[in-house]
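# Architecture and fold: a report
Residues per chain, in single letters:
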Amino acid sequence: DAKTTQPTSMDCAEGRAANLPCNHSTISGNEYVYWYRQIHSQGPQYIIHGLKNNETNEMASLIITEDRKSSTLILPHATLRDTAVYYCIVRYRNSGNTPLVFGKGTRLSVIA
Amino acid sequence: DAGVIQSPRHEVTEMGQEVTLRCKPISGHNSLFWYRQTMMRGLELLIYFNNNVPIDDSGMPEDRFSAKMPNASFSTLKIQPSEPRDSAVYFCASTKGLAGEAKNIQYFGAGTRLSVL
């Protein structure tokens, strides 16, 4: 799986959009970008994934650059409950029954 | 669905004692994973099963650790004897593991916080 690079930490004001970047310059054509988050004292939680098109669900939006070397997770209206560590993970399409490889992630602090 | 269920939520034991962590995956899921999280090493895989068969146990620290999955609805992670450096949060996760399916979400339990004194 391709390596990812994320900022260590970010702050965001409550109610504003949180934009979390991820670099994955060695991503291959068969690899998807996944985002998980871990709220304090809980297990990681799936947020969203994508291949090359932008994706949106009830939790967030995922913007992937045209060259696919980077992506941004967007939480449109961050709340205090979005304070968590966010992990960007690159995986092959057929790796569904294999483990996730977690990096250090980005610690997002949403401030009132 | 109740999600992935782990027990106990907290375990405090003394060095040398046997510890057994338990996991009930989501019904219908055929892949189960045990992860460990520490401040120093982050989240790392210990072992995982597909269709109750252990596939990769290279993350198991040493022979003191063992894991079983006797059926599709139950798995255990045992540490015998336990040591202070085993103190961590242990997570169990499960997924449907569909071949060729991109959206194979892993669902995590709430974890077991283990303290070995």
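It should be emphasised that the depicted structure is a prediction, and the values quoted were computed from it without experimental measurement. (Residues numbered from 1 in each chain as written. Chains lettered and ligands numbered in written order. Predicted model: local features only at pLDDT ≥ 70, side-chain atom pairs only at ≥ 80, totals over all residues. Heavy atoms only, no water.)

## Here we look at the overall build of chain A
Where we set the bar: Secondary structure elements are defined from DSSP: runs of H or I of at least 4 residues count as helices, runs of E of at least 2 residues count as strands, and each element is numbered from the N terminus. Only C-alpha atoms enter the radius of gyration; for comparison, a globular chain is expected to reach 2.2 Å times N to the power 0.38, where N is the number of residues. When a residue's accessible area, from a 1.4 Å probe over protein chains only, is under 20% of the maximum for its type it is buried; when over 50% it is exposed; and in between it is partly exposed.
Within chain A, the secondary structure is distributed over 0 helices and 9 strands. Along the chain direction, N to C, the helices and strands of chain A fall in the order β-β-β-β-β-β-β-β-β. At 13 Å, chain A has a C-alpha radius of gyration in line with the 13 Å of a compact globule built from 112 residues. Across its three principal axes, chain A shows a C-alpha extent of roughly 40 × 30 × 25 Å. Out of the 112 residues belonging to chain A, those deemed buried represent 47%.

## Points about the pattern of salt bridges
All names here are of chain B. What counts, and what does not: Think of a salt bridge as a Lys or Arg side-chain nitrogen and an Asp or Glu carboxyl oxygen that are within 4 Å of each other.
All told, the structure shown has 9 salt bridges over all chains when counted by the stated rule. Two residues, K78 and E18, come together in a salt bridge whose shortest N-O distance is 3.9 Å. Linking K78 in strand β8 (residues 74–79) with E18 in the loop between β2 (10–13) and β3 (19–24), this pair joins segments that are 60 residues apart in sequence. Residue classification places K78 among the partly exposed residues on the basis of a relative accessible area of 30%. Judged by relative accessible area, which is 45%, E18 ranks as partly exposed. Note that E83 is salt-bridged to R64, the shortest N-O span being 3.5 Å. Linking E83 in the loop between β8 and β9 (88–95) with R64 in the loop between β6 (53–56) and β7 (65–71), this pair joins segments that are 19 residues apart in sequence. On the basis of relative accessibility, which here comes to 9%, the residue R64 falls in the buried class. Linked through salt bridges whose partners overlap, the residues forming this network are E62, R64, E83, R85 and D86.

## Examining the layout of surface pockets
Counted only if it meets this: Points on a 1 Å grid, built from protein atoms alone, make a cavity when a 1.4 Å probe fits but cannot get out and make a pocket when they are open with protein on both sides within 12 Å along at least 5 of 7 lines; residues with an atom within 4 Å of a point are the lining residues. Grid points are joined across faces, edges and corners, and a volume is the space filled by probe spheres set on the points. Classes in brief: Ala, Val, Leu, Ile, Met, Phe, Trp, Tyr, Cys and Pro nonpolar; Asp, Glu, Lys and Arg charged; the others, Gly included, polar.
Considering only enclosed or pocket space, the largest pocket measures out at about 1,200 Å³ in volume. Contributing to the lining of the largest pocket are 46 residues, with Q38, Y87 and K104 of chain A together with Q37 and G42 of chain B lying nearest its centre. Broken down by element, the residue count for the lining of the largest pocket peaks at 6 residues, all from strand β8 (residues 84–92) of chain A. In the lining of the largest pocket, the residues fall into 19 nonpolar, 19 polar and 8 charged. If you add up the space inside the second largest pocket, you get close to 290 Å³. Taken together, 18 residues form the lining of the second largest pocket, with P44, Q45 and Y46 of chain A together with Y107 and F108 of chain B sitting closest to its centre. Among the secondary structure elements, those contributing two or more residues to the lining of the second largest pocket are β4 (45–50) of chain A together with β10 (107–108) of chain B. Broken down by element, the lining of the second largest pocket gets its largest block of residues, 3 residues, from β4 of chain A.

## Here's the deal with the pairing of β8 of chain B
All names here are of chain B. For the record, the criterion: Criterion used throughout: strands pair if DSSP finds at least two bridges between them.
Both β3 and β8 contribute to a ladder of 5 bridges, which runs antiparallel. Note on β8: the bridge partner recorded for T20 is K78. By the bridge criterion, 5 bridges tie β7 to β8 in an arrangement that is antiparallel. Bridging across to β8, N71 finds its partner in F74. Taken together, β7 and the strand that follows it, β8, pair antiparallel across an intervening segment of 2 residues.

## Brief notes about the environment of T38 of chain B
Residues and elements named next belong to chain B. How we decide: The contact criterion used is simple: two residues touch if any of their non-hydrogen atoms lie within 4.5 Å. N or O atoms closer than or at 3.5 Å make up a polar contact, with two conditions inside protein: a donor-capable atom paired with an acceptor-capable one, and, for residues adjacent in sequence, both atoms drawn from side chains.
Considering the arrangement of structural elements, one finds T38 in strand β4 (residues 31–38). Owing to a relative accessible area of 22%, T38 belongs among the partly exposed residues under this scheme. For the pair T38 and A88, spaced 50 residues apart in sequence, the C-alpha separation works out to 5.3 Å. Aside from chain neighbours lying at most four places away, what touches T38 is S87 and A88. One polar contact links the side chain of T38 to the main-chain amide nitrogen of R41, over a distance of 3.0 Å.

## What to know about the sheet that holds strand β1 (residues 5–7) of chain B
Sheets are built from strands that pair by backbone hydrogen bonding, the pairs being arranged parallel or antiparallel. All names here are of chain B. The test is simple: An axis is simply a line fitted to the C-alpha atoms; with a helix, the fit covers only the stretch in contact. Between two such axes, the angle follows the N-to-C directions and lies from 0 to 180 degrees.
Strand order in this open sheet of 4 strands is β1-β3-β8-β7, and the pairing throughout is antiparallel. Since the sheet does not close on itself, it has two edges, and those belong to β1 and β7, each with one partner. Neighbour-to-neighbour, the strand axes of the sheet open up by a mean angle of 15°, direction not taken into account.

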